[in-house]
Every structure is written in C-alpha cells, then in structure tokens.
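Single-letter residue listing:
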Number of protein chains: 4
Amino acid sequence: MGKTIKIGVIGAGRIGKIHAANIIKNFPDVEVKAVADIHAASIAEWAAGLGIANVYDDYKKIINDPEIGAVIICSSTDTHSQITIEAAQAGKHIFCEKPIDYDVDRIHAALDAVKKAGVKFQVGFNRRFDHNFKKVRDLIQSGAIGELQIVKVISRDPAPPPVEYVKVSGGMFLDMTIHDFDMVRYLTGSEVTEVYANAGVLVDKAIGEAGDVDTALISLKFKNGAIGMIDNCRQAVYGYDQRVEILGTKGGISVGNDTPTTVVVSTDSAVTQDKPKYFFLERYMESFEAEMKEFFNSVLQNKDTVVSGIDGLKPVLIGLAAQKSYKEGKPVRLEE
Amino acid sequence: MGKTIKIGVIGAGRIGKIHAANIIKNFPDVEVKAVADIHAASIAEWAAGLGIANVYDDYKKIINDPEIGAVIICSSTDTHSQITIEAAQAGKHIFCEKPIDYDVDRIHAALDAVKKAGVKFQVGFNRRFDHNFKKVRDLIQSGAIGELQIVKVISRDPAPPPVEYVKVSGGMFLDMTIHDFDMVRYLTGSEVTEVYANAGVLVDKAIGEAGDVDTALISLKFKNGAIGMIDNCRQAVYGYDQRVEILGTKGGISVGNDTPTTVVVSTDSAVTQDKPKYFFLERYMESFEAEMKEFFNSVLQNKDTVVSGIDGLKPVLIGLAAQKSYKEGKPVRLEE
Amino acid sequence: MGKTIKIGVIGAGRIGKIHAANIIKNFPDVEVKAVADIHAASIAEWAAGLGIANVYDDYKKIINDPEIGAVIICSSTDTHSQITIEAAQAGKHIFCEKPIDYDVDRIHAALDAVKKAGVKFQVGFNRRFDHNFKKVRDLIQSGAIGELQIVKVISRDPAPPPVEYVKVSGGMFLDMTIHDFDMVRYLTGSEVTEVYANAGVLVDKAIGEAGDVDTALISLKFKNGAIGMIDNCRQAVYGYDQRVEILGTKGGISVGNDTPTTVVVSTDSAVTQDKPKYFFLERYMESFEAEMKEFFNSVLQNKDTVVSGIDGLKPVLIGLAAQKSYKEGKPVRLEE
Amino acid sequence: MGKTIKIGVIGAGRIGKIHAANIIKNFPDVEVKAVADIHAASIAEWAAGLGIANVYDDYKKIINDPEIGAVIICSSTDTHSQITIEAAQAGKHIFCEKPIDYDVDRIHAALDAVKKAGVKFQVGFNRRFDHNFKKVRDLIQSGAIGELQIVKVISRDPAPPPVEYVKVSGGMFLDMTIHDFDMVRYLTGSEVTEVYANAGVLVDKAIGEAGDVDTALISLKFKNGAIGMIDNCRQAVYGYDQRVEILGTKGGISVGNDTPTTVVVSTDSAVTQDKPKYFFLERYMESFEAEMKEFFNSVLQNKDTVVSGIDGLKPVLIGLAAQKSYKEGKPVRLEE
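These numbers come from a predicted model, not from an experiment.

A. View of the relation of the copies chain B and chain D. Here chain B sits on chain D after a turn of 180° about the axis and a move of 0.0 Å along it, with an RMSD of 0.0 Å. Such values leave the two copies arranged in the relation of a two-fold axis. Distance from the rotation axis, computed per C-alpha, reaches its smallest value in chain B at B:Lys330: 2.9 Å. Both copies share a contact surface, since 100% of the interface residues of chain B are interface residues in chain D too.

B. Representation of the sheet that holds strand S6 (residues 121-123) of chain D. All names here are of chain D. Read across the open sheet, the 6 strands follow the order S3-S2-S1-S4-S5-S6; overall the sheet is parallel. Each edge of the sheet is formed by a strand with only one pairing partner; in this case those strands are strand S3 (54-56) and S6. The average angle at which neighbouring strand axes cross in this sheet is 20°, direction not considered. Looking at chain direction, strand S2 (residues 30-36) and S3 are connected through 3 bridges and run parallel. Each bridged residue has a counterpart across the sheet, and for Val35 the counterpart in S3 is Val55. Contacting S2 and S3, helix H2 (residues 40-50) runs over the sheet at an angle of about 165° to S3. Docked against the sheet, helix H11 (residues 280-300) engages strand S1 (5-10), S2, strand S4 (70-73), strand S5 (93-96) and S6, running at close to 165° with respect to S5.

C. Highlighting the interface of chain B and chain A. Counting from both sides, the interface comprises 12 residues of chain B and, opposite them, 12 residues of chain A. Interface area, chain B with chain A, both sides summed: about 1,000 Å², of which 62% is carbon and sulfur. Here chain B and chain A share 0 salt bridges between them. Between chain B and chain A we count 4 residue pairs in polar contact (both at pLDDT 80 or more) in total. Elements with a contribution of two residues or more to the side of chain B that touches chain A: strand S13 (263-267) and strand S14 (271-273) of chain B. Sort the elements by how many residues they give to the side of chain B that touches chain A and S14(B) lands first, with 3 residues.

Conventions and cut-offs
Residues numbered from 1 in each chain as written. Chains lettered and ligands numbered in written order. Predicted model: local features only at pLDDT ≥ 70, side-chain atom pairs only at ≥ 80, totals over all residues. Heavy atoms only, no water. Least-squares fit on C-alpha atoms with pLDDT ≥ 70 in both. Contact = heavy atoms within 4.5 Å. Pairing = 2+ DSSP bridges. Helix = DSSP H or I, 4+ residues; strand = E, 2+ residues; numbered from the N terminus. Axes fitted to C-alpha atoms, helices over the stretch in contact; angles between N-to-C directions. Buried area = accessible area lost by both parts, 1.4 Å probe. Salt bridge = Lys/Arg side-chain N within 4 Å of Asp/Glu carboxyl O. Polar contact = N/O pair within 3.5 Å; in protein donor to acceptor, adjacent residues only side chain to side chain.

Here is the structure:
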C-alpha cells in the first residue's frame, strides 16, 4: 500500500509523541516521514521504535522537504505562530496545537500567512471530538432543549503543574481555560461578548507567587443572550473533572465524567464507584485520534477544517479579556 | 371532631407499636381505644405516651368490646389465625400481620371465618404500598414493557436475626421470602406454578444448626409463562437491599435502593455515595402508613381490601413448596 | 396530655397552612390556639377541619392573647417586620417566614425589638434542615474535604410565578435567590464579601417588562477565600432543580435531586428515570417539619434558635448587593 | 522492523476479520501471513485492503506452511477440534474461538493433541479481558468482599439471531450462555457442581419450533459453597445487557453497562440517559485486542496461556448439563 501523504511532526514532547504514534497506528495512508525536536538525541530511540526514518533537531528541515505535505506543530507555544508562517509559506497543510500564540498580532500574522498560502489549518482543540461533548453539541443543534439559557463547563485538573511550568504557561486562563473558552463557543455556536473572572489562589501559594491563579469561576455573556460559567481548578484530588451542564427553554443536558469501569463496591463502610479517568491522556485519547482523522480528511478531500483559524484566535481573545477582568476586578467586554 | 371508628391493637411488639403510633398520628378519624399484649406491664408507659386509654394483657377484652369495630393483629404468628377467627366471629374488621399462619389448614379456617362473618380482612404485605414497587406494578399493568419474561426480586437484610428468633421463625422462606413471594404475585398479576430453591448456609453456621438456611436463589415459573428469581440473604453488610428487576418484550424496569441522601463525596481515595436505608423501619415506614390508609378506606367505605385473604394464603403455599424443594433438591409444582 | 405551649399562626396562605397542619400532626405538646388571616372567612373551613378553635381576621388578637406564647408569622413579606416588633413587645417567641423585610432599616428595627424583649426568633430558611444539604454542611464542618475552594448552588424552579406575583416579589434576588444566599452562608460558615450578578430575561419577556430578571449566574467571593456561584432560573421544565456542589482541597461533594422513585425504565427508544420531585411542597416538606421542631426545642428548652436574626438579615443584604450589581453591571462589595 | 512471528487466520467470518484487523493494527511484531476461508473469493478484497499477502480456500495450506508459527481458529464450531488437532500436530500455537466443540470426546481429543505437541492453546473467552469484569475478578481475589455467597451474571442480547442460525448454534446454552459459564468460573475461581435451567420460549416462537429456548434463569451451585444464577435472553430491546452482581460476606459488587456517552437529557417528559452499547462489537472490542495480546505474550515469552484448554472444556460440560436439566426439568450434578 503506497502512502498517500507524507508528514512531519515538529516538537516531540508529550503531545507530539501521542500524535505521531496515533497517526502511525491508525492512518495507514499517512507516512510520518520525519520528526523534529530541539532535543533530537533524546527522542531518537522513541522514533526508531515507531519506524520514523528521520529525526532532526531543526524543524526547518521538515519545512524545506518538498515531499512533506503537512506538518503537525507540537513545539512550545511561543514557536507556533512562527512555524505556522514558515510552513504555510512552504505550502504545507498545518495542524497546530493550541494556542496559536499568546500574542494577538502574531496570531493574525499566522492566520494571514495561512490564508495567503491557501493551505489547510486546524487548531488542536481536541475536546470538540470527544464522544460526550459532541453529543451535547448535536443535541443543542437539534433543538432538543430549545433556546440556550445557561451554559456551564467544569474543567479541573487532578493536580497542579510544576510552578516552573506555570511561570511560562501564559497563565491559567490561556493555558487551561482556553480549552473551555473553545468548548463554550463550540457548544453554543455563539460568541462570548463579556467575561468576568472570579479567581484566586486556593491550591498552592507558589502559583500565586508566580503571578498566576489556580482556581476560577468565569462568568460569561453570549451574543445569543445566554449566560455561562466556567469552573476551573488546577487541582481536584479525585481526578480529572470534565463536565458540562446546559439549560435551555425545553430541557437540560448534563455530562458526567468517564470512568475506567462501571464497578460499584458496597461494604459496611461505604458504597464506592470509580474515580474519573485520571487525566487527559486517559480521558481524551480517543479525541486525539479523531481530530487527526478530521485533519487528514480535510487535507485529502480538500475540505474546510472543522477547527479553523478563527477558532484558534477567539479563545485567546477571551482568555486575554479574562486576565484583564481578573486584574481590574470587573467585567470586560469583547470587541466585535 | 368525633372519631369515626374505634379500634384495638393486639400485640404491641415492634410492628404493633409502629401501627398504633402511625394510626394515632395520621388518622384523626380513628381512635385506638385499646391495646392488648401479654406483656401489658411493659407497654403501659408507651401506651400512656400516645394517649391510649386501655392496656390489656388479654386480647379477648378487645374482641369482646362492642365499641371496637376493627382489630390490628400484630401478635406472634402462631396466634394470628386463632385471633382472626375470634375477631371475625365478633364481627370486627381485621388487619392481620403476615403471615396468617404457617399451617395451611389453619389459614383456611381463618379465611372461612372471615368469609362467614362478612368482615373486611387485609394482610400486612406493606411493600405493595411502597412508592418504588407500586410504580413498577403500574408500569407493568400499563403495558409499558410488553409481555413479562423475567421477574427478579432482590431482598437482603442488613444483618441476620438472633438464632433464637430463627428457631421459631418458620424458616427463612416463610419468615423473610414470604414478602418476596407476595411481591412477585403483586408485580406480575400471575400465580407461581413451580419453585426451585437453591440455598445454603453462608452467613452463620448457627443458623444451619438451627435447621434453617440464610442465603437463597429461588427459581420460579409463572402461569403467564414468565420465569423469575428471588435473591435472599440474611446479611448484606452494606444495608437493606430491596430491589426489583423486570424484563419484558418491550423493555426492562429496574428499581434501585432508596438512600438517606443523594450526597456523593469524591476524594483522592474514592467516590462514595450513601448506603441504602438501613432496615425496614427506615425503608418502609411510608408503606406502613399507606397500608393502614387502604385498610381504613376499605372499612369506612365498605370496599374490598387491596390485600385479600387469598393474598395471605398464596405466599405461604409458595413458601412451603420452597421448603420442600430445598429439602428434596428438586423443583416443586404448586397445585392449582 | 396537657399541651405545653399555645401558639398562633399569623397568615394562612400556602405556607401558613403547611406550618399549622404540620404542627398539629407532629407536635402533640403544641396547641394551635388561633389562626389570623385578613381573609378569615376563606380559611374557616380549613381551620375547623384541623380543629383550630379560633380564626381571626386581625392578627392583633393573637398578639394580645396572653395565653399564646409563640407566633408563626406567615403573612405577606411587607408585614413581617411590623408584626415581629409587636409580637416581641408582647413577649411572644417568633418564627418568621423569610425574608424578614426588603428594607434593611426595618429588619434592624425588628431585630432590635426581638433583642430588647429577649424572645426567641427564628427565620424560615427551611432548606438548612433538608437531609441532603445538612449532610453537606456536616461533611464540610468535619473537614472531610479540607479547605473550601468552590461553592456552587443550583436552584431552579419548575415554572415561573405569575407576572402579578413577580411585580410584588421584591425581585428574583430577594424572592428566590435569598434561599441560596442563606444556603451558601450555611454551608460555608463564612460571609459573602462580594457579589456579581450575571443575569437576563430568558424565560418570559413579561418578567423583564415587570422590571425583573428570570435567569442568573451570581458570582460570589467569601471571607474565607473561597469563591462561589449561584445558578438560578425561574423555569426548569424538567422540575425543581435543587443541587449543591462543593470543591475543597481534599475532595468534592455533590448533591443530586431527590426523585419520587428509583425506577429506571429501558426501552428500545430510551433509558429513563424519574424527574426531580416537582416543587418545594414535595421536595422540602420534611424540612418544614424539622425547622418547626428546632423552633419549639429552642422555645421549650430555652436555647438559641438555629436560624437567628442575623441569618435573616445577611441574605437580604446580599440580595440587595446583587440587585445593585446587576443594575450597574459590575461587582459590588458588601460592607463589613 | 522485522516481524517476530508469522501467523495464519483460519476462518474469516465476522470474528476472524476482527482478529485479523486487530492484530495488524496493534501488533507490529506479528505478521498475518495468510488467511484461509472456504469462501476465499469473497474475502480477497478485504484481505488485500489489510495487506494480507495470501488468501487460501484450504486451511491446510496454513497448517502446512512451516513459516507460520501460530494459528487463529475462527472457522465454524464443528471444525474447531479437527483443525486444532492438525495445527497442534504441525507444531503451531493455537488461539481457538469458543467453543472448542459441542462434543466432549472431540474436545478431549483436541486437548490431548495440544498437550502431546506442547504448543500454546488459548480459547476465545474474551470477556475475561473486559475492564469491568477484570476489576470484579481482581476485587474478589483481593478479599475485598470476603467469602463469596451469591454470584449473578446478566447477559442478554439486543436481538435474537436468525432462526437458521439458532438451528445450527448448538442451542442457547452452548452458544450464548457458554460465555457466562466461563464468566462465573473466572470470577469465582471455583467450579460449578450443579445446574438447574429454568427456561422458556418468550421471545420468538420460531426459536421454540427450532428446538431451542430464548430466555433462561440458570441456577448454579459452586464447589466453594456459593450459589449463583445466570440470566439470559436472546432479546433485550434496550440493547446489549452485560452485568454482574456479587454478594460476599464483607460486601457486594455490581457492574453496570457501558454506554456510548455519559450524557443525561432532562425535559418536561423524561430524564433520559444512553442505552447500553448496542452489541458485542462495540462493547467488547477492547477485550478482543486484549486477549490477543495475552496470547502473543504467551507464545513469545513461552508462558502458560491465561485461558487454557480446561477453561475451554468446562463451560461445555456445564452447558450440556444445563441442556439436560432443561429437558428433564430437574437439577443436574456435574461429575468431578
């Protein structure tokens, strides 16, 4: 079987490795021709195990390879926009991990380059492809619960990242909540018009000393009139808490957590069930595959990607507004 | 407010006290004129606290009181049929705790006396009045799940009774399963035609030494073609387990346990919820009130009781068949 | 049995009737000597049915009756503070339905009168006595989930009240959310320091035309550092939605809705379970009894009431702040 | 990457195709060198799509290929024992779909051949590898619920197979219940000593006319003293019902169904959740992969297989006993 398309993976940290392995396992039509990482030596063995022929320390070798038709950008966030621009100029289709950038001007520059080059561009908001959330979106769109009134997302990590990570993360609103800003846009099909961030440092003082918050309730207004709330915490000791709850004029929808099993144990001291799946690798593995499938479908069938450049931009704008709201202690409106 | 009817309670053990208190609290039309108990002295204070004017050690004083229109028989099982006969002959309406008797001939004698006297007679199968099981019955009768195929009752006590009680209990099938034999008749509206008792002593050897079993799976065939199973254990350490599960040609019904609260606690070690309500006093208090309401309705409005004499007889016949099945190790058919 | 205390019920609308009936049924020590209502004629039959001897159209007859030791104030909100003052001056213990008043000065006047008279005073925040919420409070106080981080209350009615009611209700924040303001104080044991009301008219335009909102997400800050959110809607078509969800440093707690039964029906089209209990009469009947029990305990045993005057005042202050926040579109701090 | 082992798949019906595709996707070390099917022409395109080089109509070509080290037997049941014997004699390791045979003598012949040849042999009882049931087994073995008392398996198909299939299926007890007979052995770690089959034709009369039953409650006794029950129906209109419930002296375990999502929709008419995953392809795909992983581990690391020949024999013996019990209407003991 000849491979239909050759690709390069740029950045082979945790998520880059996941994407590379998923593609090799699930897409026989796609050849991972090369992987680039600034720590090339440290990934050589991993790449060999997957049968990836080329390991570079300079991503430009991928950009400059005329055989490579698409790139998967999984490098550190501060490099996303620059690599996007170069890849677009080289005519390559682009899958870019979220966020595109923390700087709005640089996002615009990247999206402009994509537009000019006419290449496909998809942002890594994988949760749109999750079985639970996709069903919620479908139900809302079907009119099953009427007009939207209240939209709530609960998104809590099992444990906080190292403070060193927090310092370079762009802050919780851009690093963690950004997924939830995308989720509310995805679920509602509407835009956020105002944000008010009620937040604090309730998990780890060191996070506060690093200039960030670790717990937040973010109040939202939507263009369609609905109101919303995002509930974030860097630490839920019982595991990765990923839920959604919607109220509409004709009904409500709620999504519980996925669990490893459905086993319930009853003893004289308690009735216990499974904790949620521990973290995003367990919880969202299926969606990492599904987003790639959609990306390759878009490339191979020349269709629009399902998570566009504008979908990459908007959550950053909302995140920046949330930061401003928290700093100033008042609601912030988003410009049209 | 004048009381419409005066009654006497015969036997003031646990269940007798419950009925008396419930009646006084909930039925302003009904006057508990007297209570009789062979240990009259020990209940005097309790009776005074409820404002019951007369406490007798001889139930015949109630039988012979022409002012008393109905009796609630809560004495020990071996006295039920005899008191029923005397009360019926005295023209009193009768609510009799289950079972009527362990001896089929004596049951027939009691039911004959009731019939001859033309008095109301209701047996204390309170679970028919439970909110959960009543809804199952209503759903089945509505045709919501089509024709019945499989009928299962799970009925487990939180802890075994004292062995002294076991010895005089009539055996688990007549003491405990009898409620479930009634339940399957109530739910299906059909009669049991065959029973096979798979049982053992798996909780307490002393129960076996007393000649009884403590754990059983009782296989049933019904006249309407359905098959069924009753799951009994004298001990479920997590609490009183009272469930039902039905399969029909158009769907299934299941009933979970009632719990004290809906609280779920999630920690790093477990996700825990409430155990079932501990035992029948917590779980079925509502149904003890409801069965009395139906009894007084029948008496005051001259209607048939909702749990008839035949409903008192049939579960005993099934229980005796289960005993025979267990002893002989084979299925036993019930006579028409 | 002699009655230990005689009381008068002032206002016999829906909640007044509930309290009167509950007291008569459940507290043999308490005699409901009189009930007063401006529509005395319309309640005469009801009162006679319960055996209440005296029905007045002027509550002052209750205030002036030296035999009456306590009053239950269930009249319209605008009369609560005045009647409280008069009852206190007459030396009567007071159970007052929520809210005490919409006017802070009048609340202070009422509480001053209570203090001066040294009578017991309890406000009708019945949900504190609910089995579910009480368990949450107990768990929090036990330290089971560590320090509080996020406190959320969901409180939605099944259907909006008539617009005529909305117009005189004091507004959703004082009429409906006031229960939730009390709930967060009760659960956290801490005070609200800031409130931001994100709200809209998403159920019925007529409510908006009457100057009120019908849907709200109210963001809260607490003195102990926790943050919170109240989710209100005048209409949840699936029924009365009464839940709570807490995150702490050592775990989370969530409370689901109570349902009439635990029956689950599975057919080829769906797996369905019960909707929540329909409205507050079904859902909170138990708590209406429990709050009365606590009130009479306080009176008869000369103990502090469990819902004090300050507990009546604070939720009104928060509600007024929420109104201001909504009007001005920004967070409002509460004065110390 | 060189492939470590080459295998042949014998029989490419539904389950054969699943195994072949899973192996190619998940086991880079394993090469599917050939597939044999009596309808070779009809599978040619499918095999080409997977890159399988050789498609035979005669399985003996696989048996006689010295390069092939293991075979996956997925042909019709009546051929399993014969092919097992030939494959064993040719020195090939064997994964054989359940059941090995309906004839006990032929099973013994096959197992003897396996033993003589010293090859690995694993039977396709995939449900042992399911996440839910594996956890139940682990909990039981850990002693979490003490000594076993009651073991129940519910196993219902969403829809009955065609009557033509029923006629050659070996009967429900050997075709469908056989999985459950294996499950109770797996969960309990004990042997069935007696079986009583309460069964009927309650789904489709045509199944009865074909000499089979479609609904059964099968009562079991275990060597360790526990009692058990298997609940089977060829049709549960709400989907594939696969549950287990265990009672032990220290607690109970129950397993619910897996569902496609955790979404709950509440409207004014109902609160609905997902039906169970529809059938075994959705429900058990994970376990089909896992059993292959264990098989190849056994082969490549020269370890005992986790589902042995005796594990293939015993469920057939229980199934034959169940058939006899149903025919004779009485319990049947299994020989030691």
